[in-house]
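# Architecture and fold: a report
The primary structure of each chain is shown beneath.
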Amino acid sequence: MYLPCGTFNESYRLDSAIVRTKAHVAWCLAGLVFCLLLLFSGSTYLIHFATLTAITIISALGLQVLTGYAGQFSIAHAAFMAVGAYTSAILTYHGVPLYLSLPAAAVVAGVVGLIFGLPSLRIKGFYLLMATFAAQFIIMYIITHWQGLTKGEFGHPAPTAIQDERAYFILVMVCLVAFTIATKNILRSKAGRAFVAINNNDLAAELMGISLYRYKLLAFFISCLYAGFAGGLYAHFYRMVMPEAFSLHSSMWFLGYLLVGGLGSVPGTYFGVILIMGLNEGLTNGFAVLINIYPEVTRFLAPFRQVVFGLVVILFLIYEPRGLANSWEKLKKYLHLWPYPYWP
Amino acid sequence: MQMILQGIFTGLAVGAIYGLCALGFVIIYKSTGILNVAQGGLVMLGSFLCYTFSVTIGFPMWLSFIASVALAFLLGMIIDRLLFRPMIGQPLLGVVMMTIAFLSIIEGVTIFIWSVNYYSYSTVFPETPIEVGGVIMSHEYVWAMGVCLFFFILVGFFFRYTRIGLKMRAVSEDQLAAQAAGVGVKTIFSLSWAIGTAIAAAGGIILGLISMVYFGLSFIGLKAMPVVILGGLESILGAILGGIIIGVLENLAGIYLEPYLSGIKDVAPFVVLMIILIIKPHGLFGLERIERI
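Residues numbered from 1 in each chain as written. Chains lettered and ligands numbered in written order. Predicted model: local features only at pLDDT ≥ 70, side-chain atom pairs only at ≥ 80, totals over all residues.

On to the overall build of chain A. Regarding its fold elements, chain A presents 15 helices and two strands. The globule rule puts the C-alpha radius of gyration for 344 residues at 20 Å, and the 21 Å found for chain A is close to it. Projected onto the principal axes, the alpha-carbon positions of chain A cover approximately 65 × 55 × 40 Å. Among the 344 residues that make up chain A, the fraction classed as buried is 42%. A fraction of 77% describes how many contacts in chain A between residues 6 or more apart in sequence connect residues 24 or more apart. (Helix = DSSP H or I, 4+ residues; strand = E, 2+ residues; numbered from the N terminus. Rg over C-alpha atoms; globule rule 2.2 N^0.38 Å. Buried ≥ 20, exposed ≤ 12 C-beta atoms within 10 Å, placed from the backbone. Contact = placed C-beta atoms within 7 Å.)

Here's what the structure looks like:
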């Protein structure tokens, strides 16, 4: 791991600390202050947007474990989120409290992920992409057509005990912190190292004694666990789940978040989600201004978003294929050496 | 019995179109090694282009068919140069994301220009269908099968008997060896993209003829994916046969399972896809490559 100049790990406790340097502490404090400012600003709009972003980050972290670290594609992440969302919605609808329904949502999504992760044992690359592609359609088909359970395409209500938006924001933020720490810890455990080995070369990993069977499925399970939990949070955030929210396009967007942020990087996940969702929100606001001048303009918002998303991803692929995380590292190095191009 | 025959006939026609879409897919995959997720988008774009030529501008149908296929051919070259040339040697996820981003742009631009309305070509075929042995065949379906057959034969001949076809087969076998033997790999890539896009557009136009020209054609074009997996990613014959199998299967599922499971018709190909991937991942005619460390 890269450590700044003058930082030495002199004990195991220091070596295993997640918040290690002064810069880390500063970032954590900045995050805390930012959340408090949001809470006290009382702006419902900002809190709404921040909550949604945080939920997306939780889900994207799960995909990061699967795709960024274990190297297995999944273009069905939104569908796994849908499984969690519907599980939690249906459970709370029948009177189960939130603190039980959210973990249940995570586990159910994880088990579904295990089922659709099974083909990954025999296939990889494009073929795996196809398998998850099929998973997306099959899961969404079941959800839309199992009328008795999910109430079909008109959506299922997801009642919440937490009515206050600020309280919900705090809940989501606490979950975000917990999931970030969990991800960091998973990645440096035995499983995390196995994931990276599988990513580099799965045949070589198997020869070294890593059970592909166990760790590929584990990667799918963990990823879908995150997706399911995030889905549950999403459902109760809107108090309603609709199948359209979890289309193939949202699955594609999840891959886009990872790519723009940088594969195999936890801060990168944050960067990617915040950048693309920020752009998206900016576009929406821009169109809201334009609407006064030219009312027809709303028709163009959705296609414009898609074009902008595509362009951003293409530009990143060509000019910065390792994502914003890499830009951030380069920027840090540049500032460290400034005003010299290298250490004199 | 009547119903089965009718279902099989419709399935054959639709399957031939799926086969055509899958053919474009396979040509691109074979020589460049890129799995083009945007194929569905290209199919949709082709049908809209033809709509613009034939209805908005007012060309006759055959001319607008040729014009839009030619335009798609050019577009294929452009996207190869702009988007996929920089991706040579990049990791798999990057290449796949490139096609996904491209799909996003195509869909966005299509809605931008043509909105989400339904259009249809001015009918050029007689209204009264042909009836053979109680099976009703509308002219569109017969024509669709004919055009698909024409393209299959054309592509088959092209790969089998022309010099460029030989070069394309060489590149798909081994890029490095082909380059050493004096084949311009970049030209071949560009040509494969052009042919793949042109065939996708042709498939889209025929699809537009038998149904409507609308945004959902993008999804129908995506059904080329189960087809190529069933037939094998590297096989042209596999794409054609796979298309027909999936088409017939989907239609029969639509007839016999629809009363119990509504909407199963659209998902049936993907269920098949999942089963094939678990049982025989390389499809009917795909190559099972041995991996070395």
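The number of helices and strands found in chain B is twelve helices and two strands. Along chain B, from the amino end to the carboxyl end, the secondary structure elements read α-α-α-α-β-β-α-α-α-α-α-α-α-α. Against the compact-globule benchmark of 19 Å for 293 residues, chain B has a radius of gyration of 19 Å, which places it among compact chains. Referenced to the eigenvectors of the C-alpha coordinate spread, the extents of chain B come out at roughly 60 × 50 × 35 Å. When burial is assessed residue by residue, chain B has 52% of its 293 residues classed as buried. Of all intrachain contacts in chain B linking residues separated by at least 6 positions in sequence, the fraction that spans at least 24 positions is 75%.

Let us look at helix α10 (residues 224-231) of chain B. Extensive coverage of α10(B) is indicated by the burial of eight of its eight residues. Those residues of α10(B) not exposed but buried are B:A224, B:M225, B:P226, B:V227, B:V228, B:I229, B:L230 and B:G231. The secondary structure elements touched by the buried residues of α10(B) are α6 (126-145) of chain A together with α1 (2-32), α2 (39-57), α9 (217-222), α11 (236-256) and α12 (264-279) of chain B. Trailing α10(B) by a residue or two, B:G232 shows a phi angle of about 105°, which is positive.

This part is about the interface of chain B and chain A. Facing 36 residues of chain B, the contacting portion of chain A comprises 40 residues. Listing elements by their share of the side of chain B that touches chain A, those giving two or more residues are α4 (92-114), α10 and α12 of chain B. The biggest single contributor to the side of chain B that touches chain A is α4(B), with 16 residues. The residue makeup of the side of chain B that touches chain A, split by class, is 28 nonpolar, six polar and two charged. (Nonpolar A, V, L, I, M, F, W, Y, C, P; charged D, E, K, R; others polar.)

Moving on: helix α15 (residues 323-337) of chain A. Residues and elements named next belong to chain A. An ideal rise of 1.5 Å per residue puts 21 Å on 15 residues; α15 measures up with 22 Å between its terminal C-alpha atoms. Three or more residues of α15 are buried, namely G323, L324 and A325. Along its buried surface, α15 packs onto α12 (248-261), α13 (266-293) and α14 (301-319). (Expected span 1.5 Å × (residues − 1).)

All names here are of chain B. Remark: α1 packs on α11, axes separated minimally by 6 Å, with the N-to-C direction vectors making an angle of 140°. Pair α1 / α11 crosses with right-handed handedness. Counted by class, the contact of α1 with α11 contains 18 nonpolar, nine polar and one charged residues. (Axes fitted to C-alpha atoms, helices over the stretch in contact; angles between N-to-C directions. Left-handed = near helix turned anticlockwise from the far one by under 90°.)

Residue and element names in this part refer to chain B. By secondary structure assignment, the location of I188 is in helix α8 (residues 185-210). We classify I188 as buried; it has 22 C-beta atoms within 10 Å. Spatially, the C-alpha atoms of I188 and V171 are 7.7 Å apart, while their sequence positions differ by 17 residues. Beyond its immediate sequence surroundings of up to four residues, I188 is in contact with S31, K167, M168, V171 and V183.

All names here are of chain A. Here the bond from W338 into P339 is cis, since omega is 5°, no more than 30 degrees from zero. The residue P339 is located in the segment after α15 in this model. Despite not being glycine, R239 shows a phi value in the positive range, around 60°. The residue R239 is located in the loop between α11 (212-238) and β2 (240-241) in this model.

Mapped onto the fold, B:G263 is located in the loop between α11 and α12. A C-alpha to C-alpha distance of 9.8 Å links B:G263 and B:A253, two positions ten residues apart in sequence. Excluding residues within four positions of it along the chain, B:G263 makes contact with A:Y141 and A:H145.

In this section: the environment of A:I170. All names here are of chain A. Secondary-structure assignment places I170 in helix α8 (residues 165-187). Under the C-beta neighbour-count criterion, I170 is labelled partly exposed, with 16 such atoms within 10 Å. Taking the C-alpha atoms as reference points, I170 and A106, separated by 64 residues in sequence, lie 20 Å from one another.

Before going further, it helps to spend a moment on the packing of helix α5 (residues 98-117) of chain A against α11(A). Residue and element names in this part refer to chain A. With their axes 7 Å apart at the nearest point, α5 and α11 run at an angle of 140° to one another. The orientation of α5 with respect to α11, classified from their angle, is oblique. Considering how the two elements wind past one another, α5 and α11 form a crossing that is right-handed. Its residues placed into classes, the contact of α5 with α11 shows 15 nonpolar, nine polar and one charged. (Parallel < 35°, antiparallel > 145°, perpendicular 65-115°, else oblique.)

This part is about the confidence of the model for chain B. Atom-level detail of predicted coordinates should not be read off regions where pLDDT is low. For chain B, per-residue confidence averages 86 on the pLDDT scale, and residues scoring 70 or more make up 99% of the total. In the model output, the complex is listed with pTM 0.90 alongside ipTM 0.89. (pLDDT = per-residue confidence, 0-100.)

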